[in-house]
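# Chains, contacts and geometry: an overview
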Amino acid sequence: MSPKRYILAAGTMLFLLLSSCDRSNNHMTDSSSNEPAISKDEALSIMNEVLDDFEFVHQSLLSATSPANIAPTRSQPILMKVATDSIFVYGDTATIDGVLHGIVVTEKHAYPKGLLLITRSAKYSPGNTRGIASVTDRYISWAQYSAGTPEQRTESVIQPQFSSGTDSTIEVHATRTKGSVTLSETYRFTSPTVTIDVSKGTRVVRTADPAADAIVSATYDQATGILLTKRVTGQGEAPPYGGFYTQTFNYVDGELNNWVKTTTRGQADHSVIKVVERYP
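Residues numbered from 1 in each chain as written. Predicted model: local features only at pLDDT ≥ 70, side-chain atom pairs only at ≥ 80, totals over all residues. Heavy atoms only, no water.

### Overview of the overall build of the protein chain
Going by this rule: Strands are runs of DSSP state E lasting at least two residues, helices are runs of H or I lasting at least four, and both sets are numbered from the N terminus onward. Burial status follows relative accessibility: with a 1.4 Å probe on protein chains alone, a residue under 20% of its type maximum counts as buried, one over 50% as exposed, and anything between as partly exposed. Accessible surface is estimated by sampling points in the Shrake-Rupley manner with a 1.4 Å probe; for residues, cover comes only from the protein chains shown.
Counting its regular elements, the protein chain contains two helices and 16 strands. Here the protein chain holds 280 residues, and 46% of them are scored as buried. Total accessible area computed for the protein chain in this model is approximately 13,600 Å², and 52% of it derives from carbon and sulfur atoms.

Listed below in structure tokens is the structure:
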């Protein structure tokens, strides 16, 4: 198997937040810095990016070519290059809170305005808590990439939570590190969040399902309000320690037509274990 490469076309997105939100745990390690804390809108953006990245892995697993067991090299002599963006998908392992986890990595090499930007995102389900997690590193030079010292790191855990009066609360723990400054925030979205994609004419509504320890993303036709797809993302029971699943339900005229589920976990040799289930 060889590394997967994808060309991504970015659509015009309009983010609307229709939710109540609680905030806690603001922390800044550099007390002399004037940088603001992570805002509610930033936390929402982080959550949406993470869930979209989990969906990207889901679609990659379902494609004809499987994710690779060869990660991109870190020994790159090129200082600047103008080229088509590429995304690699591969497995790996990481020790998190003293426990070895399998992770799945998506790594994008892009050249906005001819300058290098590498975004490496590791996805897994944490073994010591509920929900799903992501660590995203951004590099702006090959030297940073080769040394494993990102310009910016964003760590997030997205959890379903029971709360007073509702069972659909999404809790987002976000930590962002840049240089000597680390910002941490926790937000609880007690009402569904809504994202409108103007280019696609769709509306995505995200809520939590605490009973299933999962996050639900329902996509509707913006004009008609008809449900198109429902995606559920959560911790995978098999394989354990980092494994996660995504299940997509597809609808026709609002009626369930089929569903497909992938459960996955990364391996130390950069391969990815996957289990695919389908109905019908």
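### Thoughts on the nonpolar core
Convention followed: Among buried residues, those of type Ala, Val, Leu, Ile, Met, Phe, Trp, Tyr and Cys that are joined through side-chain atoms within 4.5 Å constitute a nonpolar core. It only takes one pair of heavy atoms within 4.5 Å for two residues to be counted as in contact.
Counting 27 residues, the largest nonpolar core has Met 47, Val 104, Ile 158, Ile 170, Phe 189 and Ile 215 as the members making the most contacts within it. Those elements that place two or more of their residues in this core are α1 (40-62), β3 (86-96), β8 (166-178) and β9 (181-189). Examining the composition of this core, we find that ten residues originate from one element, α1, more than from any other. Ignoring any residue separated from it by four or fewer positions in sequence, one finds Ile 215 in contact with Leu 51, Ile 158, Gln 159, Pro 160, Ile 170, Thr 207, Ala 208, Arg 231, Val 232 and Thr 233.

### Section: the side chain of Arg 120
We count it as follows: Polar contacts here mean pairs of N or O atoms no more than 3.5 Å apart (in protein, one a potential hydrogen donor and the other a potential acceptor; neighbouring residues in sequence count only if both atoms are side-chain atoms).
As for its position among the elements, Arg 120 is in strand β5 (residues 117-124). Looking at Arg 120, the relative accessible area reads 13%, which means it is buried. At a separation of 3.3 Å, a polar atom in the side chain of Arg 120 contacts the side chain of Tyr 90.

### A few points about the packing of aromatic side chains
This is how the line gets drawn: Stacked, edge-to-face and tilted are the three classes for Phe, Tyr and Trp ring pairs, Trp counted by its six-membered ring, which pair at centre distances within 6.5 Å; planes under 30 degrees apart are stacked, over 60 edge-to-face, the rest tilted. Placement of a positive charge over a ring is assigned whenever Lys NZ or Arg CZ falls within 6 Å of the ring centre and within 35 degrees of the normal to the ring plane.
With the rule as written, the count across this model stands at six aromatic pairs. On the numbers, 5.6 Å between centres and 75 degrees between planes, the contact of Trp 142 with Tyr 145 is edge-to-face. Of this pair, Trp 142 and Tyr 145 both sit in helix α2 (residues 142-147), separated by three residues, roughly a single helical turn. Per residue, the accessibility class of Trp 142 equals that of Tyr 145, and both read buried. An aromatic cluster is present here, built from Tyr 139, Trp 142 and Tyr 145 joined pairwise through their rings. Over the ring of Phe 249 we find Lys 230, and its NZ or CZ is 5.1 Å from the ring centre. It is Lys 261 that lies over the ring of Tyr 245; its NZ or CZ is 4.6 Å from the centre.

### Side note on unusual backbone geometry
Cis geometry is found at the peptide bond from Tyr 279 to Pro 280, where omega equals 0 degrees. Within the fold, Pro 280 resides in the segment after β16 (272-279). A positive phi is found at Asp 213, a non-glycine position, where the angle reads about 50 degrees. Relative to the helices and strands, Asp 213 resides in the loop between β11 (202-209) and β12 (214-221).

### A word on the pairing of strand β10 (residues 193-197)
Put simply, side chains in a regular strand alternate between the two faces of the sheet. Applicable threshold: Note on pairing: DSSP must find at least two bridges between two strands before they are called paired.
With five of five residues buried, β10 is to be regarded as a mostly interior element. Residues Thr 193, Thr 195 and Asp 197 line one face of β10 and the alternating positions Val 194 and Ile 196 line the opposite face, and both faces are buried. What sits between β10 and β11 in their antiparallel hairpin is a turn of four residues, with Gly 201 showing a positive phi close to 70 degrees.

### Thoughts on the pattern of salt bridges
Here is the rule: Each reported salt bridge corresponds to a side-chain nitrogen of Lys or Arg within 4 Å of a carboxyl oxygen of Asp or Glu.
Considering all chains together, one arrives at ten salt bridges under this definition. Here Arg 120 makes a salt bridge to Asp 92, at a shortest N to O gap of 3.6 Å. In this pair, Arg 120 is assigned in strand β5 and Asp 92 in strand β3, connecting sequence segments 28 residues apart. Ionic pairing is found between Arg 153 and Asp 137, a salt bridge with its closest N-O pair at 2.6 Å.

### Remarks on the environment of Ala 211
Relative to the helices and strands, Ala 211 resides in the loop between β11 and β12. For Ala 211, a relative accessible area of 74% puts it in the exposed group.

### With respect to the environment of Val 205
Note on placement: Val 205 falls in strand β11. Each C-alpha atom of the pair Val 205 and Val 216 lies 8.1 Å from the other, and the pair is eleven residues apart in sequence. Beyond its immediate sequence surroundings of up to four residues, Val 205 is in contact with Pro 192, Thr 193, Val 194, Val 216, Ser 217, Ala 218 and Tyr 220.

### Brief notes about the confidence of the model for the protein chain
Any segment with low pLDDT has predicted coordinates that should not be analysed in fine detail. Test applied: As a per-residue measure, pLDDT reflects the predictor's confidence and takes values from 0 up to 100.
Here the protein chain shows a mean pLDDT of 83. Residues at 70 or above account for 79%. Low confidence marks residues 26-34, where pLDDT is under 50. Its contacts with residues over four positions away, or in another chain, come to 17 contacts. This stretch, residues 77-81, has a pLDDT under 50; its non-local contacts, to residues over four places away or in other chains, come to six contacts.

### What about the pairing of β11?
Of all eight residues making up β11, six are buried, and the element is well covered by its neighbours. Examined bridge by bridge, β10 and β11 share five bridges and lie antiparallel to one another. Bridge pairing in β11 places Asp 197 opposite Thr 202. Where β11 and β12 come together, eight bridges link them in antiparallel fashion. Residue pairing across strands places Val 204 opposite Thr 219, the latter belonging to β12.

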